[in-house]
Protein chains: 2
Amino acid sequence: MASNPAHPYTTNAQSQLAAGDALGALGLTPAFSPLYQQIKGLILQSLQSGEWKPGESIPSEMDLAARFRVSQGTVRKAIDELSAENLVVRRQGKGTFVATHAEQQVQYRFLKLQPDNGDTQSEGPAERTIIDCKRLRASADIARALSLRSGDPVLQVRRVLAYAGVPTILEELWLPGAPFKGLTAERLSNYNGPMYALFETEFGVRMVRADENIRAVNPDSEQAELLNVPITAPLLSVERVAYTYNDTPMELRRGLYRTDTHHYRNALS
Amino acid sequence: MASNPAHPYTTNAQSQLAAGDALGALGLTPAFSPLYQQIKGLILQSLQSGEWKPGESIPSEMDLAARFRVSQGTVRKAIDELSAENLVVRRQGKGTFVATHAEQQVQYRFLKLQPDNGDTQSEGPAERTIIDCKRLRASADIARALSLRSGDPVLQVRRVLAYAGVPTILEELWLPGAPFKGLTAERLSNYNGPMYALFETEFGVRMVRADENIRAVNPDSEQAELLNVPITAPLLSVERVAYTYNDTPMELRRGLYRTDTHHYRNALS
DNA sequence: TAGTGGTCTAGACCACATA
DNA sequence: ATGTGGTCTAGACCACTAC
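Quantities reported herein were computed from a predicted structural model and do not represent experimental measurements. (Residues numbered from 1 in each chain as written. Chains lettered and ligands numbered in written order. Predicted model: local features only at pLDDT ≥ 70, side-chain atom pairs only at ≥ 80, totals over all residues. Heavy atoms only, no water.)

Caption draft 1: Quick peek at the overall build of chain A. Secondary structure summary: chain A contains eight helices and 11 strands in total. Counting all 269 residues of chain A, 46% fall into the buried class. When the accessible area of chain A is evaluated, it comes to approximately 13,800 Å², of which 51% is carbon and sulfur surface. (Helix = DSSP H or I, 4+ residues; strand = E, 2+ residues; numbered from the N terminus. Buried < 20%, exposed > 50% of the residue type's maximum accessible area, 1.4 Å probe, protein only. Areas by Shrake-Rupley, 256 points an atom, 1.4 Å probe, with all protein chains shown as cover.)

In structure tokens, the structure reads:
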């Protein structure tokens, strides 16, 4: 076969095979997937390995294209998907940046509670009070949620979030012990900002997505006291499992939300 | 200027101006936007005008490219966005289809309540019972939500949804009177399927997105009786505004959900 | 076999940010 | 002036579906 000046897909097929072999060498199924998906996977690995840290810029599309030996358009499509999944943020003229919970604009990305008078647009809670931070052994349900074994070491944190002096959210959260070694109530109290930002900068753990299960419940007497409501008050129970890369669960969080002055907002599409 | 064999962006700019003029003729701001955004807008108009009906296929990318005098890639990017917004569904080898609430696969798209034991994956409620369907005048809050004036005619529907014989959802919904003229309790009772599918086929109204405000509340005595719970039971209050094309609100729905055997599931990313 | 959407490339120019 | 992401085109081939 003559080497025509333009036969893009031949080049493509070669790269595809090469990338497939790379995946095969990693012990993954060499199942067929488009080139840009494979490139996306490679970029994901670099994100996960910490080659580029949260807030930093990743190499330009041209650089990545050269590195992976594919066209710039293919890299672009890979980054398009990463951007749609909120793993990176593109900024025209500046570059593509690793997403972070520490940025002002998308702070408290996972907190859907908003004040009823929507003028103060989705700002974070004004006051945060740590109740305690204990080292425990995982019970069966905690272990299941975090993909651990019963009895594995976990950290339990409890705190209250208040808006304008009104305690509104009571949170109880569990973290796997190993990745969060060294986390104390004091460090949590001293940190001023979203807890997920602290996880990124201090422990290198980046939450990329989460699932929430929501119910209406009544508080027990201790919860009622902490939230300053009667035990007959209906409250939102929000159970969240947050995941880092590779769908690895890294946090179980159980929140009780007062919804007398706030509401949980959800956009459906 | 000589007509070079390849000067794509010149062609592009011409088309851009042409499309811009078309928009201008419609009285819209001729503000700059990329060609594919303008094409997206034109496709959206055809969807809205009913040129292609829910469930039908729209013209192929090549046909649309010829129609709008742009490249197939530009049409593709426009359809990409419409697909991401769930307005159309692509099927490889078959075509691109207008999305519908009547399809088996995405039925009850807006219903986030799921049974606690996730084995029965997000199926619809088993039994639906219409309580009543009245013609009323819009109160101030109903009017505001539906972008009507106080006193405008609206329809109010109330119904109960049950799972395995257990009444679980009590819904009260308001619709603008004009578009839904002729809707009766009988027609609702006879229809077997999602209410949004009936809206599409019988009234030509397609809901494309919705916003929900969620709270924890206690029922009043009537609500408690209909749901077969004590008035002290905490319930989820889900207030939804559903929109058709052009962000036009077409339904206000207030639901009370029992969350003793079900939960509201939300994916955050 | 033909038609559809899906992938990939190559190259050009635009819009934005920075120096 | 340079480099980044953003847009647009043209053309090729792949994967799926239907006839």
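Back to the text.
Caption draft 2: Spotlight on the environment of His262(B). Within the secondary structure, His262(B) is located in strand S11 (residues 262-268). As for His262(B) and Leu226(B), which are separated by 36 residues in sequence, their C-alpha atoms are 17 Å apart. Among all residues touching His262(B), those that are not within four sequence positions of it are Arg215(A), Leu113(B), Gln114(B), Pro115(B), Asp116(B), Tyr163(B) and Thr168(B). In this structure the side chain of His262(B) is engaged in a polar contact, spanning 2.8 Å, whose partner is the side chain of Thr261(B). (Contact = heavy atoms within 4.5 Å. Polar contact = N/O pair within 3.5 Å; in protein donor to acceptor, adjacent residues only side chain to side chain.)

Caption draft 3: The arrangement of the side chain of Arg258(B) in detail. Residue and element names in this part refer to chain B. One can find Arg258 in the loop between strand S10 (248-257) and S11. Residue classification places Arg258 among the buried residues on the basis of a relative accessible area of 11%. Within the structure, Arg258 has its side chain in polar contact with the backbone oxygen of Leu227 (distance 3.1 Å). Those residues in contact with Arg258 that sit more than four places away from it in its chain are Leu113, Val166, Pro167, Thr168, Leu227, Asn228, Val229 and Leu235.

Caption draft 4: Examining the domain arrangement of chain A more closely. Residues and elements named next belong to chain A. As assigned here, chain A comprises domain 1 (12-98) and domain 2 (104-264). Summed over the three residues of domain 1 that lose the most area to domain 2, namely Gln48, Pro54 and Leu87, the buried surface amounts to 60% of that side. Seen at the junction of domain 1 and domain 2, the total is zero salt bridges. Counting residues per element, the side of domain 1 that touches domain 2 draws most heavily on helix H2 (residues 35-49), which supplies three residues. Taken together, the residues that form the side of domain 1 that touches domain 2 break down as five nonpolar, two polar and no charged. (Domains from an automatic or database assignment. Buried area = accessible area lost by both parts, 1.4 Å probe. Salt bridge = Lys/Arg side-chain N within 4 Å of Asp/Glu carboxyl O. Nonpolar A, V, L, I, M, F, W, Y, C, P; charged D, E, K, R; others polar.)

Caption draft 5: Molecular detail of the interface of chain A and chain B. With 31 residues of chain A at the contact, the number on the chain B side is 31 residues. Carbon and sulfur atoms make up 45% of the surface buried where chain A meets chain B, a total of about 2,600 Å² over both sides. Linking chain A with chain B are four salt bridges, by the criterion used here. Across the pair Asp116(B) and Arg215(A) runs a salt bridge whose closest N-O atoms are separated by 2.4 Å.

Caption draft 6: A look at the relation of the copies chain A and chain B. After a rotation of 180° and a shift along the axis of 0.0 Å, chain A superposes on chain B with an RMSD of 0.1 Å. Classification of the inter-copy transformation places it as that of a two-fold axis. When the interface residues of chain A are mapped onto chain B, 100% of them again lie at the interface, so the same face is used by both copies. (Least-squares fit on C-alpha atoms with pLDDT ≥ 70 in both.)

Caption draft 7: Main features of the packing of helix H3 (residues 61-68) of chain A against helix H4 (residues 72-84) of chain A. All names here are of chain A. The contact between H3 and H4 brings their axes to 8 Å, and the two run at 110°. Here H3 is positioned roughly perpendicular relative to H4, judged by the angle of their axes. Where H3 abuts H4, its residues Glu61, Met62, Leu64 and Ala65 lie against Gln72, Val75, Arg76 and Ile79. Residues that form the contact of H3 with H4 fall into these classes: five nonpolar, one polar and two charged. (Axes fitted to C-alpha atoms, helices over the stretch in contact; angles between N-to-C directions. Parallel < 35°, antiparallel > 145°, perpendicular 65-115°, else oblique.)

Caption draft 8: Up close: the sheet that holds strand S3 (residues 95-98) of chain A. Residue and element names in this part refer to chain A. Overall, antiparallel pairing links the three strands, which are arranged S1-S3-S2 in an open sheet. Each end of this open sheet is capped by a strand with a single partner; those strands are strand S1 (57-58) and strand S2 (88-91). Sheet topology note: the S1/S3 ladder contains two bridges and is antiparallel. Counted as the bridge partner of Ser57 is Phe97 from S3. (Pairing = 2+ DSSP bridges.)

Caption draft 9: Quick look at the pairing of strand S8 (residues 209-217) of chain A. In terms of strand pairing, S8(A) meets strand S9 (residues 235-244) of chain A through nine bridges, oriented antiparallel. Across the sheet, Asn213(A) pairs through a bridge with Glu239(A), a residue of S9(A). Pairing geometry for S8(A) and S11(B), over five bridges, is antiparallel. Across the sheet, residue Asn213(A) finds its bridge partner in S11(B), namely Arg265(B).

Caption draft 10: Region of interest: the UniProt feature "domain: HTH gntR-type" (unreviewed entry) in chain A. In the numbering used here, UniProt assigns the "domain: HTH gntR-type" (unreviewed entry) feature to residues 33-101 of chain A. Here residues 33-101 of chain A is 52% helix and 14% strand, with 31 Å between the C-alpha atoms at its ends. (UniProt positions renumbered as here; feature names shortened; annotations may be inferred.)

Caption draft 11: Structural context of helix H3 (residues 61-68) of chain B. Residues and elements named next belong to chain B. Among the residues of H3, Glu61, Leu64, Ala65 and Phe68 are the ones counted as buried. The arc that holds the buried residues of H3, viewed along the axis, is 105°, so those residues lie on one side. Exposed and facing more than 90 degrees away from the buried side of H3 are Met62 and Ala66. Considering only its buried residues, H3 is in contact with helix H2 (35-49), strand S1 (57-58), helix H4 (72-84) and strand S2 (88-91). Just downstream of H3, Arg69 is the residue with a positive phi angle, here 60°. (Arc of directions from axis to C-beta.)

Caption draft 12: Molecular detail of the packing of aromatic side chains. All names here are of chain A. Across all of its chains, the model carries eight aromatic pairs over all chains by this definition. For the ring pair Phe180 and Phe199, a centre distance of 4.8 Å and an interplane angle of 65° mean the geometry is edge-to-face. Of this pair, Phe180 sits in the loop between strand S7 (166-176) and helix H6 (185-190) while Phe199 sits in helix H7 (residues 195-203), placing them 19 residues apart in sequence. By the burial criterion, Phe180 is buried, and Phe199 matches it. (Phe/Tyr/Trp six-rings, centres within 6.5 Å; stacked < 30°, edge-to-face > 60°.)

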